[in-house]
Amino acid sequence: SVGETLIDPMVPCLNYSPARALQGLHYQRLKEVCPMLDRGEKNTYACCSRSQLDALEDSLTMSKAVLIRCPSCAENFAHLHCINTCSPNQSQTVRVTKTMNVTHEGKVREAVVAYQAFMSTTFADAAFQSCKNVRIPATGGFAIGTMCGRYGAKLCTPQRWYDFQGDSSNGLAPLDIDFRLIPEGVTEGLPKGVVPYNGKALKCNETTPSGGLVCSCQDCQQSCPVMPPPPLPAEPFRLMGTDGFLVISIILLCFFLFAFQLIDPSEVTRIEKTSLAAQEFLSSLFRAWGTLIASHPFKVLLLAAIPVLILAIGLMHIELTTDPVQLWSAPSSRARREKDFHDKYFDPFFRTNQLILTAPGRTGHTYDSLLFGQQNFSGIISKDLIIELLELQTRIQFWSEDLNRNASLKDVCFAPLNPSDPSLTDCAVNSLPQYFQNSLANLNAKVNMTKLGQTKEVDWRDHFIYCVNSPLSFKDITDLGLSCMADYGAPVFPFLAVGGYDNEDYTNAEALILTFSLNNYDRRDARFKVALQWENEFLKIVQEYQRDPNTNFTFAYMAERSLEDEINRTTAEDIPIFMISYAVVFVYIAVALGEYSSWKRILVDSKFLVGLGGILVVGWSVLASMGFYAWIGIPSSLVILQVVPFLVLAVGADNIFIFVLEYQRDVRRPGEKREEQIGRVLGNVAPSMLLCSVSESVCFFLGGLSTMPAVKSFALYAALAVLMDFMLQMTAFVALLSLDARRQDNNRCELVCCVTVSSQRPNKPNEGFLLPLMRKYYAPVLLHPVSRIVVVGVPTYFVTTKGFNFTTVEGMNGVCSSVGCDQFSLTQKIQYATEYPELSYLAIPANSWVDDFIDWLNPGSKCCRLYTLGPNAGQFCPADKSPFLCGRKCMKTPSNGVLRPSVEQFNRFLPDFLGNRPDLQCPKGGLGAYDKAVVRDDSGEIIASRFMAYHTPLTNSKEFTAALQKARELAHNITIGMRKIPGTSPDFEVFPYTVTYVFYEQYLTIVPEGLFNISLCLLPTFVVCCLLLGMDVISGLLNLLTIVMIVVDTVGVMTLWGIDYNAVALINLVTAVGISVEFVSHLTRSFALSTKPTHVERAMEATANMGSAVFAGVAMTNLPGIIVLAFAKAQLIQIFFFRLNLVITLLGMAHGLIFLPVLLSYFGPGVNKAVLLQLQQAKAKASQELELSNSTRKAYYDNLSYEDNERRQELDSASTTSPTGACRPSENMAKQHMEKEERIDRF
């Protein structure tokens, strides 16, 4: 033995004696270790002793542990070393280059410490090809990556592979071997007498002479069956070489433009009578109700406050859901059930806490490495910053009330190799300092090293360069002799330590990454609180560093709790924004509701208290809704707190404007009391308010059928809030308006009611600013014949459930992917999927505890042995124990090379495998990689297991969703195949799981879910509109069409403005239906009940009278508050509340005030003949009254509407004109009567 290496090196002594014939035990030993040299007993010659064979076997054992999966590769690997060590023609292929004198057993002997080995490139290339695809199941990587030094699997070549095997500085090679690969037939430059070895190297799809089967498909591409390529994605729908949906849309548009026709009115029908009866019933009901409420305002306010107060008390029990899983994933959903199954048996996915550090503006440097040449180092890869990072990651300690002591990382960390009693060095912390085992001494280490006659100092930079390219190395190739493995015993892959590099140029990385992995626990577990505390301290310390002006880093950081913290933080920070938004809306409502007939009466005619009352009614309705659901145990969420008040305010403000503006435009009739006038006005407008409120409330109640928890709870809260808002408007707000009207009639100033003014209120209706503007300018321009036509226009687990027998040969073969396994086993199918990562979204094949368990049992490795001496005789013996204590292997070598344990052996040794810590002697131990991947019940049956693969990098919701869908398709295919294996339960299942699936499952169903929810919302808007308008199907259909267009256009603008379609967007689209009802239904009803003679005139009247109220009450109420939300900090608010609600409001306004009037002017229902008949009868009765009394006639004309007063002379003259033939008799009668009659209910 000579030198210091990771294993005891045994080197040969220099001996040029001829090869000796082997026999007896010596021959048997050669046959076991190097069977390719066997020529039969007495005919086999070799140049190695038994002790050399023992040392060679020990050396080959480590490689066999990872290569034995592929028998031909393992044999090729051993082949060359057997030739170099034992070949009878050794002097032809080996040339000794260095020896040294060593003392052995009291004798000075000349030991060989370096030699040259000559082989043909044909043999070298073939051996390399047989091994280059052999996998390490635990990591999913290639075994060759651990045997090629800093080059890794990607850049490994035959020469680099052999160079690593012959480099004693890696701690594994016992001496230096200079492998010379000579092209076949080349002799120039060869030393005299040297003949490069050119034996036969087996291909990976060939059987071995010792009986080993061909390698599996996962380890050998040549063994794979011919697989048909997967089908390509379907081509997009096209017509005439263009987007098919665009062509269809253009055809429909042309059809719409040229499908104009007028409906010919007929005699009064039963439906028209029904419509009139419905309107009269509702008007009379609300007229009586309004009069009653207005007569007792104080009592009504008190009675209205009592149920609101009782319901609001329930807020004491309100439960806010902040867990994203509970918000967006239904308990009965597939992803949630699979998550619960996984967390039940495997513990929740560990908690990730990450810190990314950059040093912008910091200059880098160039390092001239003795081993690697000139290397450029970025500014962030510097020793002082690495030391600072090392100090940062060791600072976090805090007092834990739950543990009643100081707690640190070891109390909560994920410690895969020592889960029972971890120390700080057992914690899975991945960072650059881990290449130095978090040791400052290792980081500061320096040593002079000589290479090819040149001596230079090597330091941390040489070690770093080596480790990022060979993270699985236990010893670098420098004279520092440091390991690359983390202090907790696992490799740190470079993408976990650095970031911001191109093409694996790690020394030029622009970021350092520090990742803490913590155990996750059930939220009711006390340890969960400790983990939250640790994360909180982690965030505090990072923030302190960030605020320190002397800090050299720029930070980006996150903790597992960050998502919930961010939701809570941004919500708290944005509360003032919402308050300002509501304040702006309140000021607008208060100012816009005022009449302002003169400066003297500005404080009398203002409506600040009415506006405040309207806001309070909205607030009361929201509180009542939230309190009610808190009483019955339905949790709320921050989304509800932000969206429902906005929605109810939009609905409520519209009704307030319609009611107040109608009251202001009305003139009290002679002898009519104030309360009666309020009742009469309410009778005019309340049916329209009822239409919208019932439509919206039923819409949202049906939305409660959604399977998404956030959408469901929002819909229920919104439905009750809208219903409560309508009820409070019909009670409390009517009472408030009655009190305000009493104050205004008494000329008392608002806010200071004891002050009166002398100026009297004008005895004429107040049309305000919008009504004349709409009537004289907007409606005529919009409904001009030309204008009407222009307007249209991460890692993922494959989890197995109970019901599969892993202990049988068929069961193991149906899962594994090494030699002898089924070509379409579980892990093999995953391997096939990784060959098409652009379609499967899988990058690395699944690890497999079954494969590694079989390799662990293989007697060719040291992993599974039994004690033969001592008190533990017959029990499992770890690989680090002396072979004198553990002389018996767990299993015998199988004749065909395919090792499978019996049921008894499987159950006996599986616990030992799962508890065996992997090390250099036995890298196949299952502790850390698999100890939590297999769950057995008390009888030993495996009731759950998992196999971990890796997705390709996923960057957006579309890719995450597609990855979930493809993983489920693959898992279903695997399930079907495994159910065919004898002994498998018919309910056995394989399903994919990763922590993100529960969030992205919504995207698999969100389109049908959205269509379902929106359709449920649209249905009541049509039904209620038809019913409340007396079975007016045409009005209902036009109403529905416009709302559908608003929703469709909203989705289109979402795409253009970068607003993702998800559950939050769906909530807003459901809200859009509710707000669209406000924009559309009032105008539709006003048109349906208008008695103007033509469609265009009726559309003008509806647009002028009702459009002004809708514009003031919905559009102008929403817009100021929405614009304020643009200043919110949270992206959620900016995107899904500011952008989306702005889009909804603008599109609702455009469709309701531009498109709908034009649509009604073309396709609206005809004049209701029952209304015309009623007007005719009223006219006859009025004519009789005029003849009886002039005073009655005078009173009659004094109470004409302002509009009719302006045109009375013109109308009187027109009434004496005989009808022309251009008008139908019924239309002429209606026109004459409308010109003479007092104003009839416009609503």
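Residues numbered from 1 in each chain as written. Predicted model: local features only at pLDDT ≥ 70, side-chain atom pairs only at ≥ 80, totals over all residues. Heavy atoms only, no water.

Attention shifts here to the overall build of the chain. On a plain count of helices and strands, the chain comes out with 40 helices and 30 strands. Put simply, the chain has 1243 residues, and 54% of those count as buried. For the chain, the accessible area works out to roughly 54,500 Å², and carbon and sulfur atoms hold 58% of it. (Helix = DSSP H or I, 4+ residues; strand = E, 2+ residues; numbered from the N terminus. Buried < 20%, exposed > 50% of the residue type's maximum accessible area, 1.4 Å probe, protein only. Areas by Shrake-Rupley, 256 points an atom, 1.4 Å probe, with all protein chains shown as cover.)

What follows deals with unusual backbone geometry. Residue glutamine 437 is not a glycine yet carries a positive backbone phi of 55°. On the secondary structure map, glutamine 437 appears in the loop between strand 16 (429-430) and helix 13 (440-444). One non-glycine residue, glutamate 504, lies in positive phi territory at about 60°. Here glutamate 504 lies in the loop between strand 19 (498-499) and strand 20 (511-518).

On to the sheet that holds strand 7 (residues 176-182), then. Across the sheet, which stays open at both edges, the three strands sit in the order 3-4-7 with mixed pairing between neighbours. The sheet is open, and its two edges are formed by strand 3 (94-104) and strand 7, each paired on a single side. If you compare each strand with its neighbour and ignore which way they point, the axes differ by 20° on average. Pairing between strand 3 and strand 4 (residues 107-120): ten bridges, direction antiparallel. Pairing of threonine 99 across the sheet is with valine 112, part of strand 4. Along the sheet, helix 5 (residues 121-131) makes contact with strand 4 and strand 7, crossing strand 4 at roughly 90°. (Pairing = 2+ DSSP bridges. Axes fitted to C-alpha atoms, helices over the stretch in contact; angles between N-to-C directions. Contact = heavy atoms within 4.5 Å.)

The subject of this paragraph is the pattern of salt bridges. Enumeration according to the criterion identifies 28 salt bridges in this entry. Residue arginine 680 pairs with aspartate 666 through a salt bridge whose shortest N-O separation is 2.8 Å. In this pair, arginine 680 sits in helix 21 (residues 674-703) while aspartate 666 sits in the loop between helix 20 (638-665) and helix 21, placing the two residues 14 residues apart along the sequence. Owing to a relative accessible area of 8%, arginine 680 belongs among the buried residues under this scheme. Given a relative accessible area of 8%, aspartate 666 falls into the buried group. It is possible to trace a salt-bridge network through shared partners that takes in Arg29, Glu32, Asp54 and Glu57. (Salt bridge = Lys/Arg side-chain N within 4 Å of Asp/Glu carboxyl O.)

Turning next to the packing of aromatic side chains. Under the criterion given, the structure shown has 35 aromatic pairs. Taken together, Phe804, Phe806, Trp849, Phe853, Trp856, Phe876, Phe906, Phe913, Tyr930, Phe947 and Phe988 form an aromatic cluster joined through their ring pairs. One cation-aromatic arrangement involves arginine 160 over tyrosine 151; the distance from NZ or CZ to the ring centre is 3.9 Å. The ring centre of tyrosine 797 lies 4.2 Å from the NZ or CZ of arginine 946, which sits over that ring. (Phe/Tyr/Trp six-rings, centres within 6.5 Å; stacked < 30°, edge-to-face > 60°. Lys NZ or Arg CZ within 6 Å of the ring centre and 35° of its normal.)

Once that is clear, we can look at the side chain of serine 72. The residue serine 72 is located in helix 3 (residues 71-86) in this model. A polar atom in the side chain of serine 72 sits 3.3 Å from the backbone oxygen of lysine 203. Contacts of serine 72, omitting those with residues within four sequence positions, involve Ser130, Leu202, Lys203, Cys204, Glu206, Thr208 and Cys215. (Polar contact = N/O pair within 3.5 Å; in protein donor to acceptor, adjacent residues only side chain to side chain.)

Let us now look at helix 19 (residues 608-631). Between its first and last C-alpha atoms helix 19 spans 34 Å; for 24 residues at 1.5 Å apiece the expected length is 34 Å, and the two agree. Of the residues trailing helix 19, glycine 633 is marked for its positive phi of about 85°. (Expected span 1.5 Å × (residues − 1).)

Let us now look at the pairing of strand 11 (residues 351-358). Only one face of strand 11 is covered, namely the face carrying Arg351, Asn353, Leu355 and Leu357; the face carrying Thr352, Gln354, Ile356 and Thr358 is uncovered. Both strand 11 and strand 20 contribute to a ladder of seven bridges, which runs antiparallel. Considered in strand 20, the bridge of isoleucine 356 is made with isoleucine 513.

What follows covers the state of the cysteines. Under the defined criterion, the tally for this structure stands at 13 disulfides. Between the sulfur of cysteine 48 and that of cysteine 86 lies a disulfide, 2.1 Å long from S to S. Between cysteine 48 and cysteine 86, the S-S torsion sits near 110°, and that sign places the bridge as right-handed. Residue cysteine 48 is located in the loop between strand 2 (45-46) and helix 2 (50-67), and its partner cysteine 86 is located in helix 3; the two are separated by 38 residues in the primary sequence. Both residues of the pair, cysteine 48 and cysteine 86, belong to the buried class. Shown here is the disulfide that connects cysteine 73 with cysteine 131, its sulfur atoms set 2.0 Å apart. Given an S-S torsion of about 110°, the disulfide between cysteine 73 and cysteine 131 has right-handed geometry. Within this pair, whereas cysteine 73 is found in helix 3, its partner cysteine 131 is found in helix 5, the two being separated by 58 residues in sequence. There is no split in this pair, since cysteine 73 and cysteine 131 are both buried. In this model cysteine 47 remains outside any disulfide bridge; the closest cysteine sulfur is found in cysteine 48, 7.6 Å from its own. (Disulfide = S-S within 2.5 Å.)

Turning our attention to the nonpolar core. One finds Val644, Phe659, Phe700 and Phe714 to be the most contacted residues of the largest nonpolar core, which totals 131 residues. Counting residues per element, this core draws most heavily on helix 22 (residues 709-745), at 20 residues. The residues contacting valine 644, other than those within four sequence positions of it, are Val622, Val639, Phe714, Tyr717, Ala718 and Ala721. Core analysis: the second largest hydrophobic core is formed by 118 residues, Leu67, Val94, Trp161 and Val542 among them. (Core = buried A, V, L, I, M, F, W, Y, C linked by side-chain atoms within 4.5 Å.)

As a further point, take the packing of helix 9 (residues 297-312) against helix 22. Axis angle and axis distance: for two packed helices, these are the angle between their axes and the distance between the axes, and together they describe the pair. Interhelical geometry of helix 9 versus helix 22 gives an angle of 150° and a closest axis separation of 9 Å. For the element pair helix 9 and helix 22, the recorded crossing hand is left-handed. For the pair helix 9 and helix 22, contact is made by Pro297, Phe298, Val300, Leu301, Ala304, Val308 and Leu311 and by Met724, Leu728, Thr731, Ala732, Ala735, Leu736, Ser738, Leu739 and Arg742, respectively. (Left-handed = near helix turned anticlockwise from the far one by under 90°.)

Positionally, glutamine 729 belongs in helix 22. For glutamine 729, a relative accessible area of 2% translates into the label buried. Ignoring any residue separated from it by four or fewer positions in sequence, one finds glutamine 729 in contact with Val617, Gly652, Asn655, Ile656, Met689 and Val734.

Turning to the sheet that holds strand 26 (residues 876-877), a few remarks are in order. Overall, antiparallel pairing links the three strands, which are arranged 26-25-27 in an open sheet. Across the chains shown, the open sheet's two edge strands, defined by having one partner strand only, are strand 26 and strand 27 (888-889).

Predicted confidence across the chain gives a mean pLDDT of 81, with 85% of residues reaching 70 or more. The low-confidence segment residues 259-266, where pLDDT is below 50, has 16 contacts with residues more than four positions distant or belonging to other chains. Note on residues 786-793: pLDDT under 50 across the span, and 19 contacts to partners over four residues away in sequence or across chains. (pLDDT = per-residue confidence, 0-100.)

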